Amino acid sequence: QVQLVESGGGLVQAGGSLRLSCAASRSIFSINAMGWYRQAPGKQRELVATITSGGSTSYADSVKGRFTISRDNDKNTLYLQMNSLNPADTAVYYCNAYLRVFPGASQRRYWGQGTQVTVSS
């Protein structure tokens, strides 16, 4: 069984920065696309940023220029650097990855448990 474990969330003042990490709980044969999503209270989960295995990235308009997604394939770890945070960024942030645990295994989508980010005004 594979788990994605997020860390780095917390409370920060508006204008501040946080760096989220998401690591696989065990060695993985291959990881394809990865991404960050967030869900604010009373709202649907929304896509924040994605990154392909080759490093191509995409961002939601609301975070462009402020957030940077990256990955370390050697460590099977995903990152989200968040700068210039504002209260609208307050949400639970989830990481997501399409991966194969073993050679020949089917690719499956996995989710982390979520980490809370709270931005105070």
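The preceding data block contains the structure.
What counts and how
- Residues numbered from 1 in each chain as written.
- Predicted model: local features only at pLDDT ≥ 70, side-chain atom pairs only at ≥ 80, totals over all residues.
- Heavy atoms only, no water.
- Helix = DSSP H or I, 4+ residues; strand = E, 2+ residues; numbered from the N terminus.
- Rg over C-alpha atoms; globule rule 2.2 N^0.38 Å.
- Buried < 20%, exposed > 50% of the residue type's maximum accessible area, 1.4 Å probe, protein only.
- Contact = heavy atoms within 4.5 Å.
- Areas by Shrake-Rupley, 256 points an atom, 1.4 Å probe, with all protein chains shown as cover.
- Lys, Arg positive; Asp, Glu negative; His and termini not counted.
- Charge placed at Lys NZ, Arg CZ, Asp CG, Glu CD.
- Phe/Tyr/Trp six-rings, centres within 6.5 Å; stacked < 30°, edge-to-face > 60°.
- Lys NZ or Arg CZ within 6 Å of the ring centre and 35° of its normal.
- Pairing = 2+ DSSP bridges.
- Axes fitted to C-alpha atoms, helices over the stretch in contact; angles between N-to-C directions.

Draft legend 1. Molecular detail of the overall build of the protein chain. Helices and strands together make up the secondary structure of the protein chain, namely 0 helices and 11 strands. When its helices and strands are written in sequence order, the protein chain yields β-β-β-β-β-β-β-β-β-β-β. A globule of 121 residues ought to have a C-alpha radius of gyration of about 14 Å, and the protein chain, at 14 Å, matches this closely. Taking the principal axes of its C-alpha atoms as reference, the protein chain extends roughly 50 × 25 × 25 Å. For the protein chain, with 121 residues in total, the buried portion stands at 41%. A separation of at least 24 residues holds for 57% of the contacts in the protein chain among residues at least 6 apart in sequence. For the protein chain, the exposed area adds up to about 6,400 Å²; of that, 46% sits on carbon and sulfur atoms. Counting 12 positive and 6 negative side-chain charges, the protein chain places the averaged centre of each group 5 Å from the other.

Draft legend 2. Spotlight on the packing of aromatic side chains. All told, the structure shown has 1 aromatic pair when counted by the stated rule. Considering the side-chain rings of Tyr 37 and Trp 111, the 4.9 Å spacing of their centres and the 65° angle between planes classify their relative orientation as edge-to-face. Remark: Trp 111 occurs in strand 10 (residues 108–111) and Tyr 37 occurs in strand 4 (residues 30–39); sequence separation between them is 74 residues. Sitting above the plane of the Tyr 94 ring, Arg 45 keeps its charged end 3.7 Å from the centroid.

Draft legend 3. Geometry of the sheet that holds strand 8 (residues 77–82). Taking strand neighbours across the sheet as the criterion, the 4 strands line up as 1-3-8-7 in an open arrangement whose pairing is antiparallel. Of all strands in the sheet, those with a lone pairing partner are strand 1 (4–7) and strand 7 (67–72), marking the two edges. Across the sheet, the mean angle from the axis of one strand to that of its neighbour is 15°, orientation sign disregarded. Summarising the sheet, strand 3 (residues 18–24) and strand 8 pair through 6 bridges and their orientation is antiparallel. Its bridge partner lying in strand 8, Leu 20 is registered against Leu 80.

Draft legend 4. Expanded view of the pairing of strand 3. Counting buried positions along strand 3 yields 5 of 7 residues, so the element is predominantly enclosed. The pairing of strand 1 with strand 3 spans 4 bridges and is antiparallel. Residue Leu 4 lies in a different strand from strand 3, and its bridge partner there is Ala 24.

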